[in-house]
Amino acid sequence: MQNQIYRKYPFWSLAGPLLGFLAIQMAVQFVIQFVIEAPYLLEAYKELMRGSAEGTLASAQEIVDVYVRVTAPALEWITAHQVEISAASSGAAMILTGILFAGDRKLEKKYGVELPKKAAPGRYWMLAVFGAAGSLAATCLMAMAQAAFYDSRYQQISADLYASPFPVQLICLGLLIPVSEELMFRGILYKRYRERQNFWYSALCSAVLFSFTHVSMTQMIYAFLLGLMLAYVYEKFGSFLAPAFLHAFMNTASLVFTETGVFSTLAQDPALMAGAAVGGAFICSVMFVLIQKMDR
């Protein structure tokens, strides 16, 4: 059922928050990287000036080579701490999304929107099981299809993510980034689409936008399918906590499976990996049926 909240500029009520969310993330990442690179850039400039003072004029290619060589340690540090930088940008963006999310809830009260009854906390065990099984099945299926091996960008992103210490991964990838994304794509965009559209239109649009924020094709496909499920969970449980919990639990389960060597063990035996993929998909289908049939 649509919320029927009146907005003077429907397009900008959707585009504005998304553009602001992306702009804040980009700005924070730029500032952090600039602060890290600034001393090295200054050192490269001094080196070029010393050469100029000695009467040696550097060519354009030599200037580029000097900057690349001198700033290499800074770039290596940025790559090694990409998780922390991404988490910082997500945390900054949460200020905007948190304000908008709270404002939308006030509008619902103002317009007398009949809110859905929330599912009991005891129902969330289904999301935990779905998240763990879904993480296992998705990773195994991608490996079996060799999607990760043909997507060099995906491989590079995975290497950067797992370069950080495990506790940092849990805090940043398992909690902070998923919650930030859910506030934007389900808490703001999906709910605002639902003010005028049906479930499938709203779920598809928010899932497409969610997928576009991921840079590799493998991640885009995964994010789109996950976005649909997160919207459905939001609809069924009647609470933002449901998609946020599922998203965070899936990320955390993937990190734990990687850290404990589960995926490495499965990768050594194709039959075992296939069994894990089928088993995980079966458990997800059972949980989906239970979620679909549950009442509030």
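Figured I'd write up the structure that's included with this text.

Reading the values: the criteria
- Numbering of residues begins from 1 in every chain and follows the order in which that chain's sequence is written.
- With the structure being a predicted model, the display of local features is reserved for residues of pLDDT at least 70 and the display and counting of side-chain atom pairs for 80 or more, all residues being used for whole-chain, interface and lining totals.
- In computing side-chain properties, one takes all heavy atoms of the structure into account and sets aside hydrogens as well as water.
- Going along the chain from the N terminus, every DSSP run of H or I of four or more residues is numbered as a helix, and every run of E of two or more is numbered as a strand.
- Note on classification: 1.4 Å probe, protein chains only; a residue is buried when its accessible area is under 20% of the maximum for its type, exposed when over 50%, partly exposed between these limits.
- The contact definition used throughout considers only heavy atoms, calling two residues in contact when any of these lie within 4.5 Å.
- For the accessible areas, the method is Shrake-Rupley and the probe is 1.4 Å, while residue cover comes only from the protein chains on display.
- For the purpose of counting charges, residues Lys and Arg are taken to be positive, whereas Asp and Glu are taken to be negative. His and the chain ends are not included.
- To locate a charge, take atom NZ for lysine, CZ for arginine, CG for aspartate or CD for glutamate.
- The working definition used for a salt bridge is a side-chain nitrogen of Lys or Arg within 4 Å of a carboxyl oxygen of Asp or Glu.
- Polar contacts, as counted here, are pairs of nitrogen or oxygen atoms within 3.5 Å of one another; within protein the pair requires one atom able to donate a hydrogen and one able to accept it, and residues that are adjacent in sequence qualify only if both atoms are side-chain atoms.
- Between N-to-C directions, angles span 0 to 180 degrees; the directions come from axes that are lines fitted to C-alpha atoms, helices contributing only their stretch in contact.
- Each angle gets one of four labels, with under 35 degrees taken as roughly parallel, over 145 as roughly antiparallel, 65 to 115 as roughly perpendicular, and the rest as oblique.
- The hand of a helix crossing depends on one turn: near helix anticlockwise from the far one by less than a right angle means left-handed, and clockwise means right-handed.
- Multiplying one less than the number of residues by 1.5 Å gives the expected span of a helix.
- Each Phe, Tyr or Trp ring, with Trp reduced to its six-membered ring, pairs with another whose centre is within 6.5 Å; inter-plane angles below 30 degrees give stacked pairs, above 60 give edge-to-face pairs, and intermediate values give tilted ones.

Considerations on the overall build of the protein
- Assigned secondary structure in the protein consists of 12 helices and 0 strands.
- Projected onto the principal axes, the alpha-carbon positions of the protein cover approximately 80 × 55 × 30 Å.
- Residue burial in the protein is summarised as follows: out of 296 residues, 43% are buried.
- Summarising the internal contacts of the protein: among those between residues at least 6 apart in sequence, 80% fall at separations of at least 24.
- If you sum the accessible surface of the protein, you get close to 15,800 Å²; carbon and sulfur atoms cover 69% of it.
- On the protein, the mean spot of the 21 positive side-chain charges and the mean spot of the 20 negative ones are 19 Å from each other.

Concerning the pattern of salt bridges
- Overall, the coordinates contain 9 salt bridges when judged by the stated rule.
- Where Arg192 meets Asp104, a salt bridge forms, and the shortest distance between an N and an O atom there is 2.9 Å. With Arg192 in helix 7 (residues 166-193) and Asp104 in helix 3 (residues 82-110), this pair connects stretches of sequence that are 88 residues apart. Both residues of the pair, Arg192 and Asp104, belong to the buried class.

Description of the side chain of Arg194
- Relative to the helices and strands, Arg194 is located in the loop between helix 7 and helix 8 (199-212).
- Within the local environment of Arg194, its side chain forms a polar contact with the side chain of Glu235, the two groups lying 2.7 Å apart.

A closer look at the packing of helix 4 (residues 125-144) against helix 9 (residues 217-237)
- Taken N-terminus to C-terminus, the directions of helix 4 and helix 9 make an angle of 165°; their axes are 13 Å apart at the nearest point. As far as their axial angle goes, helix 9 and helix 4 are roughly antiparallel. Where helix 4 crosses over helix 9, the two elements pack in a sense that is right-handed. Residues Leu127, Phe130, Ala138 and Met142 of helix 4 pack against Thr218, Tyr222, Met229, Val233 and Phe237 of helix 9.

Quick word on the environment of Ala60
- Looking at the element boundaries, Ala60 is found in helix 2 (residues 60-80).
- Residue classification places Ala60 among the exposed positions, given a relative accessible area of 60%.
- The sequence separation of Ala60 and Ala74 amounts to 14 residues, and the corresponding C-alpha distance is 22 Å.

Topic: helix 8
- Compared with the 20 Å implied by 1.5 Å per residue over 14 residues, the 20 Å span of helix 8 between its first and last C-alpha is a close match.
- Considered for burial, the residues of helix 8 that qualify are Phe199, Ser202, Ala203, Cys205, Ser206, Ala207, Phe210 and Ser211.
- Sitting at the head of helix 8, Asn198 places a side-chain oxygen 3.4 Å from the backbone nitrogen of Trp200.

Considering the packing of aromatic side chains
- With the rule as written, the count across this model stands at 16 aromatic pairs.
- Measuring from centroid to centroid gives 6.0 Å for Phe199 and Tyr232, while their planes differ by 70°, and the two rings are edge-to-face. One end of the pair, Phe199, is in helix 8; the other, Tyr232, is in helix 9, with 33 residues separating them in the sequence. In terms of burial, Phe199 and Tyr232 fall into one category: buried.
- Three or more aromatic residues joined by ring pairs form one cluster here, namely Phe101, Tyr190, Phe199, Trp200, Tyr232, Tyr234, Phe240 and Phe288.

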